[in-house]
Amino acid sequence: MARYYFNIRHGNTVLDDPDGTELPSLDHALVEAEDGLRELVSSALLARTLAPDAVEIVSEDGSLLSQVTLRDTLGDLTRRS
């Protein structure tokens, strides 16, 4: 298993995940990132604060592997008619 870090991006600011999570694959990490971003958005709405823009998935060596954006997570809810 590999350790993946889930950094939270708010505009130009990134909050680093200091601990990371061991998961079997990047696909599993993507699911974790989507679920985590949904939870962060929900908390932000309840607190009436700005939601993060994205969750970045980073490897143990600090390489950016992927990111899940607000649009990826909420899909059609972020599109205007």
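Structure's up top.
Attention here is on the structure that accompanies the text.

Rules used in this analysis
All residue numbers here refer to positions counted from 1 along the written sequence of the relevant chain. Per-residue local features are limited, in this predicted model, to residues with pLDDT of at least 70; the limit for side-chain atom pairs, both in listing and counting, is 80 or more; totals at the level of whole chains, interfaces and linings are taken over all residues. The side-chain figures draw on all heavy atoms in the structure; neither hydrogens nor water molecules are used. Burial classes: relative accessible area under 20% of the type maximum marks a residue as buried, over 50% as exposed, and values in between as partly exposed (1.4 Å probe, protein chains only). Helix and strand labels come from DSSP, where a helix needs a run of H or I of at least four residues and a strand needs a run of E of at least two; each type is numbered from the N terminus. The rule for pairing is simple: two strands pair if DSSP sees at least two bridges between them. Each salt bridge in this description consists of a side-chain nitrogen of Lys or Arg and a carboxyl oxygen of Asp or Glu lying within 4 Å of one another.

## Some points on the pairing of strand S4 (residues 54-58)
Across the five residues that make up S4, a large majority, five, are buried. Side chains of S4 alternate between two faces, with Ala54, Glu56 and Val58 and Val55 and Ile57 buried alike. The sheet contact formed by strand S1 (residues 2-10) and S4 spans five bridges and is antiparallel. Bridging across to S4, Ile8 finds its partner in Val55. The pairing of S4 with strand S5 (residues 64-69) spans five bridges and is classified as antiparallel. Residue Glu56 lies in a different strand from S5, and its bridge partner there is Gln67. Connecting S4 to the next strand, S5, in antiparallel fashion are five residues, including Gly62 with a positive phi near 90 degrees.

## Things to note about the pairing of S1
In this structure, S1 lies alongside strand S3 (residues 21-23), joined through three bridges in antiparallel fashion. The residue of S3 that forms the bridge with Ala2 is Leu23. Summarising the sheet, S1 and strand S2 (residues 13-15) pair through three bridges and their orientation is antiparallel. Among the inter-strand pairings, Arg9 is bridged to a residue of S2, identified as Val14. Count of turn residues in the S1/S2 antiparallel hairpin: two residues, of which Gly11 carries a positive phi of about 60 degrees.

## A word on the pattern of salt bridges
Going through the model one piece at a time under the given rule, you end up with three salt bridges. A salt bridge links Arg3 to Glu22, with the nearest nitrogen and oxygen atoms 3.3 Å apart. Of this pair, Arg3 sits in strand S1 while Glu22 sits in strand S3, placing them 19 residues apart in sequence. Take Arg3: its relative accessible area is 24%, and that puts it in the partly exposed class. For Glu22, a relative accessible area of 44% translates into the label partly exposed.

## Describing unusual backbone geometry
Residues other than glycine predominantly adopt negative phi, and peptide bonds predominantly adopt the trans conformation. Residue Arg48 is not a glycine yet carries a positive backbone phi of 60 degrees. Looking at where Arg48 falls in the secondary structure, it is placed in the loop between helix H1 (26-47) and S4. Take Arg48: its relative accessible area is 78%, and that puts it in the exposed class.

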